[in-house]
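Here is what each chain is made of, one letter per residue.
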Amino acid sequence: MAASPAGSTMDAQARFGHSVKGLLTEKVTSCGTDVIALTKQVLRGSRSAEFLGQAARNMVMQEDAILHSEDSLRKMAIITTHLQYQQEAIQRNVEQSSNLRDQLSHLLK
């Protein structure tokens, strides 16, 4: 039995239709997967921006703490210098007091 040309054409069209539907389904699935991946990436980027903002806020807080510490160290250096001057003055007074004691003991002899 020979196949009719009309039947052969219908079979070819049906196969072509199934083939196109298959390709279309694959493309739709692929696009859906790409959209999901893109959405995940956007969400990750959003979280990255949040983390970056938090890191910037933490850095500002640390910078303030460092500046405060630097100011405190400067003040401590000034206090240390003043204490050294006072210690030297006390030491000179002790030496002068020893000299005066010696002179007084010589005068009283």
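Residues numbered from 1 in each chain as written. Predicted model: local features only at pLDDT ≥ 70, side-chain atom pairs only at ≥ 80, totals over all residues. Heavy atoms only, no water.

## What to know about the overall build of the protein chain
Assigned secondary structure in the protein chain consists of one helix and zero strands. Of all 109 residues assigned to the protein chain, the portion counted as buried reaches 0%. For the protein chain, the computed accessible surface area is about 10100 Å², with 65% contributed by carbon and sulfur atoms. (Helix = DSSP H or I, 4+ residues; strand = E, 2+ residues; numbered from the N terminus. Buried < 20%, exposed > 50% of the residue type's maximum accessible area, 1.4 Å probe, protein only. Areas by Shrake-Rupley, 256 points an atom, 1.4 Å probe, with all protein chains shown as cover.)

## Some remarks on a nonpolar patch on the surface
A cluster of nonpolar residues, Leu104, Leu107 and Leu108, forms a patch on the protein surface that exposes about 380 Å² of accessible area. Of note, Leu108 is situated in helix α1 (residues 5-108). (Patch = residues over 30% accessible without salt bridge, like charges linked within 9 Å, V, L, I, M, F, W, Y side chains within 5 Å. Salt bridge = Lys/Arg side-chain N within 4 Å of Asp/Glu carboxyl O.)

## Observations concerning the pattern of salt bridges
A full pass over the atoms with the stated rule returns three salt bridges. Between Arg74 and Glu70 there is a salt bridge, with the nearest N and O atoms lying 3.4 Å from each other. Of this pair, Arg74 and Glu70 both sit in helix α1, four residues apart, roughly one helical turn. For Glu70, a relative accessible area of 41% translates into the label partly exposed. Residue Arg74 pairs with Asp71 through a salt bridge whose shortest N-O separation is 3.6 Å. Of this pair, Arg74 and Asp71 are both found in helix α1, three residues apart, which corresponds to roughly one turn of the helix. The exposure class of Arg74 is partly exposed, given its relative accessible area of 45%.

## Details of the environment of Ser105
Locating Ser105 in the fold gives a position in helix α1. In this structure the side chain of Ser105 is engaged in a polar contact, spanning 2.8 Å, whose partner is the backbone oxygen of Asp102. (Polar contact = N/O pair within 3.5 Å; in protein donor to acceptor, adjacent residues only side chain to side chain.)

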